[in-house]
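Here are the chains, one letter per residue:
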Amino acid sequence: MSTAVLRTEVRLFRREPGAVFWILLFPTLLLLILGSIPSFRQHQDDLGGLRTIDAYVPVAVLLGMIVGGLQAMPQALTGYRERGILRRMATTPVRPGALLSAQMVVFGVASLVSALLVLVVGRLTFDVRLPKQGFGYLLALVLAVLAALALGSLVSALSRTTKIAGAIGSAVFFPAMFCAGVWLPVQAMPHLLGKIVGYTPFGAAAQALNQAAAGHWPGWGHLGVLVVWILLLTGAATRWFRWE
Amino acid sequence: MPVIEVTDLRKTYGGRAVVDGVSFAVEEGEIFGILGPNGAGKTTTVECIEGLRVPDAGRVRVTGLDPVADHARVARVLGAQLQESELQAKLTVREALELYASFYPDPLDWAPLAERLGLGEKLSARFGKLSGGQKQRLFIALALIGNPRIVVLDELTTGLDPRARRDTWELIEDVRAGGVTVLLVTHFMEEAQRLCDRIAVIDKGRVAALDSPAGLIRRSAGATVISFTPSAPVDDRDLNALPELASVEHRDGRITLAGTDETVNAVITLLARHRITAHQLRVVDATLDDAFLDLTDDRTKEATA
Ligand SMILES: Nc1ncnc2c1ncn2[C@@H]1O[C@H](COP(=O)(O)OP(=O)(O)O)[C@@H](O)[C@H]1O
Ligand SMILES: [Mg+2]
């Protein structure tokens, strides 16, 4: 890890208005739009008495991670490889790995900041309660970020060009959003579907976040699913990643 | 001890030996050129020295170290300008220089270096907005910024205008005067002739010749070219009997001979003996160009064989 490389990558991230908008602001904006619909602020029986807006907070939290980890990071990494930026760095005492780890830190931190913004804005505008099981929530959040970065790394490893990375990223993007509950929050999914979705990284993350938000310790099952995914995806990404 | 030693280097791509038994040694403080046609294996060879490619066979040592196994130590003393690379499009020139300077224990001051390379006005410009020549000059700066003992420059002046090319040559001469060893890949004869102490001519993955520029010219057939328009016809048998003659050519009453200094002396004696005046007599030394074509082009080889 090189702090100079990290500082540079943070700077470059701030120069990408697209990435800043979709990762940092869009999830909060989505929450604001949904919250402006009056019926979404009423308590729903099929959500266990929660309001739709409450159920969408974890979805918005995961959205930033999915965009950052699955779309933005693989684009950046495959671009660095494609254009010989990694190669140029490989001739210096700082190996190109420094660039990969800096990218992960940048997108990881950006999605955590995005999550924080969602929580704060949800609390201030729609009175969404902050997670009652704070530590459990943070743990689930960190594992979800790691899973998103691992998945993004695998996409980068498997994509020879930025075009392929874009195609794979989009192909995985919609199922990931579905599992996170963008179209139907996991609480509202039919039992069997919810169970299946619970075995996917973002489905497990959504359920763990919901439990922690409600004040329970997130189920070890969900956290375990996340850990297994992180290990599998990281292993595969390390195995297949090519520097050039 | 040589600072770079390459022994019987081999690299194969898709069953084709792209570098096929290359050996040479670069001494401390010299400017060593690698000259060769496109696809000869020059870039592959120097990228094995930079540790970017792993040789299939053979040995590469930089200051006695293996550039792959001992990468970090080699990278600290070796600055590289790659034939093809880029930087992050939104990184400014100043940020790039500062970033790369931070990688080395004892870097150069980047401001005078940028000034020297004509980048002083461009410090706030983003890499993606630079012209090809400006990018090239930035990469030369980045190769030097770590205050290296050795610089490897692959196609140093490609993309530079004639003025910038000459400035860059002066810079490289100054760098060498400071004790830095320079390994230069080029296909510009003028550049090789002006800068290099020794040149390895690489063709089809092999070293075709290794000598000083003057030595390469001397050993090529027809190092000196004599041409004149004789006032009276000259007997062909007399011409063909000239010592060390490489070729004779008649065109529009003008005679062109290739040979050596000895051929020149003999032809002047011959003409004087026959009281023939040589109008528009020209004696020209062959250039590195001629020597290069002679060494690398199969057709000329067959034609003169
Ligand atoms: N990574 C690679 N994969 C396959 N072929 C390659 C690779 N690198 C170089 N080559 C081939 O090796 C030959 C020599 O290339 P190179 O070393 O770049 O030559 P030069 O620098 O002398 O022009 C070329 O025919 C090129 O196509
Ligand atoms: Mg080349």
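Residues numbered from 1 in each chain as written. Chains lettered and ligands numbered in written order. Predicted model: local features only at pLDDT ≥ 70, side-chain atom pairs only at ≥ 80, totals over all residues. Heavy atoms only, no water.

An unreviewed UniProt entry lists chain B under the name ABC transporter ATP-binding protein, from Streptomyces spinosisporus.

For chain A, the name recorded in an unreviewed UniProt entry is Transport permease protein, with Streptomyces spinosisporus as its organism. Listed in UniProt under the heading Sequence similarities (unreviewed entry), the comment for chain A reads: "Belongs to the ABC-2 integral membrane protein family." (UniProt positions renumbered as here; feature names shortened; annotations may be inferred.)

Before going further, it helps to examine the interface of chain B and chain A. With 28 residues of chain B in contact, the opposing surface of chain A contributes 25 residues. Together, Gln88(B), Lys90(B) and Phe103(B) form the three largest contributors to the area buried by chain B at its contact with chain A, with a combined 27%. Salt-bridge contacts for Arg15(A) lead to Glu95(B); the nearest nitrogen and oxygen are separated by 2.6 Å. Inspection of the chain B/chain A interface yields 8 residue pairs in polar contact (both at pLDDT 80 or more). Put simply, the parts of the chain that give the side of chain B that touches chain A at least two residues each are α2 (71-77), β5 (78-81), α3 (93-101) and α5 (132-144) of chain B. Of all the elements, α2(B) adds the most residues to the side of chain B that touches chain A, at 4 residues. Among the residues making up the side of chain B that touches chain A, the classes are represented as 16 nonpolar, 5 polar and 7 charged. (Contact = heavy atoms within 4.5 Å. Buried area = accessible area lost by both parts, 1.4 Å probe. Salt bridge = Lys/Arg side-chain N within 4 Å of Asp/Glu carboxyl O. Polar contact = N/O pair within 3.5 Å; in protein donor to acceptor, adjacent residues only side chain to side chain. Helix = DSSP H or I, 4+ residues; strand = E, 2+ residues; numbered from the N terminus. Nonpolar A, V, L, I, M, F, W, Y, C, P; charged D, E, K, R; others polar.)

A separate point is the site of ligand 1. All names here are of chain B. Inspection of the region around ligand 1 gives 13 residues, with Arg16, Gly39, Lys42, Thr43 and Thr44 positioned closest. For ligand 1, an oxygen atom lies 2.8 Å from a polar atom in the side chain of Arg16. Here Gly41 contributes a backbone N or O atom positioned 3.0 Å from an oxygen atom of ligand 1. Expressed as a share of its isolated accessible area of 560 Å², the protein-covered part of ligand 1 is 64%. Mapped by element, the contributors of at least two residues to the shell around ligand 1 are β2 (16-26) and α1 (42-49). A per-class count over the shell around ligand 1 returns 4 nonpolar, 6 polar and 3 charged. (Near = heavy atom within 4 Å. Areas by Shrake-Rupley, 256 points an atom, 1.4 Å probe, with all protein chains shown as cover.)

Turning our eyes to something else, we now look at the packing of helix α1 (residues 3-14) of chain A against helix α5 (residues 97-126) of chain A. Residue and element names in this part refer to chain A. Two elements in contact, α1 and α5, have axes separated by 9 Å at closest approach and are oriented at 50°. Classified by the angle between their axes, α1 and α5 sit oblique to one another. The handedness of the crossing between α1 and α5 is right-handed. Packed against α1, whose contacting residues are Val5, Leu6, Glu9, Val10 and Phe13, the element α5 presents Ala98, Leu99, Ala102, Gln103, Val105, Val106, Phe107 and Ala110 at the interface. Its residues placed into classes, the contact of α1 with α5 shows 11 nonpolar, 1 polar and 1 charged. (Axes fitted to C-alpha atoms, helices over the stretch in contact; angles between N-to-C directions. Parallel < 35°, antiparallel > 145°, perpendicular 65-115°, else oblique. Left-handed = near helix turned anticlockwise from the far one by under 90°.)

Entries for chain B in the domain assignment read domain 1 (2-212) and domain 2 (221-285). A separation of 44 Å is found between the C-alpha centroids of domain 1 of chain B and domain 2 of chain B. (Domains from an automatic or database assignment.)

Residues given the UniProt feature "domain: ABC transmembrane type-2" (unreviewed entry) here are residues 18-244 of chain A. Between the C-alpha atoms that bound residues 18-244 of chain A the distance is 26 Å, and the span itself is 75% helix and 0% strand.

The next point concerns the UniProt feature "transmembrane region" (unreviewed entry) in chain A. Residues and elements named next belong to chain A. The sites that UniProt annotates as "transmembrane region" (unreviewed entry) are residues 20-40, 55-77, 98-122, 134-157, 164-184 and 220-241. What you have in residues 55-77 is 100% helix and 0% strand, and the ends, taken at the C-alpha atoms, are 33 Å apart. Taken as a whole, residues 98-122 contains 100% helix and 0% strand, while its terminal C-alpha atoms sit 36 Å from one another.

The next subject is the side chain of Thr63(B). Looking at where Thr63(B) falls in the secondary structure, it is placed in the loop between β4 (57-62) and α2. Once residues lying within four places of it in the same chain are set aside, the contact partners of Thr63(B) are Met1(B), Val3(B), Val77(B), Arg149(B) and Ile150(B).

With that settled, the discussion passes to α1(B). All names here are of chain B. Across the 8 residues that make up α1, a large majority, 8, are buried. The complete set of buried residues in α1 reads Lys42, Thr43, Thr44, Thr45, Val46, Glu47, Cys48 and Ile49. Within two residues after α1, Gly51 carries a phi angle of roughly 80°, on the positive side. (Buried < 20%, exposed > 50% of the residue type's maximum accessible area, 1.4 Å probe, protein only.)

Residue and element names in this part refer to chain B. Here we have 4 strands laid out as an open sheet, ordered β11-β12-β10-β13, and antiparallel in their pairing. With one partner strand each, in any of the chains shown, β11 (247-251) and β13 (278-285) form the two edges of the open sheet. Recorded for the sheet is a direction-independent mean angle of 15° between the axes of neighbouring strands. Pairing of β11 with strand β12 (residues 254-259) involves 5 bridges; the strand directions are antiparallel. Paired with Val248 across the strands is Leu257, a residue of β12. (Pairing = 2+ DSSP bridges.)

What follows deals with unusual backbone geometry. Residues and elements named next belong to chain B. In the Ramachandran plot, Asn147 falls in the positive-phi region, its phi being about 55° despite a non-glycine side chain. Residue placement: Asn147 occurs in the loop between α5 and β6 (150-154). Residues other than glycine seldom take positive phi values, yet Glu155 does so here, at roughly 60°. Positionally, Glu155 belongs in the loop between β6 and α6 (162-177).

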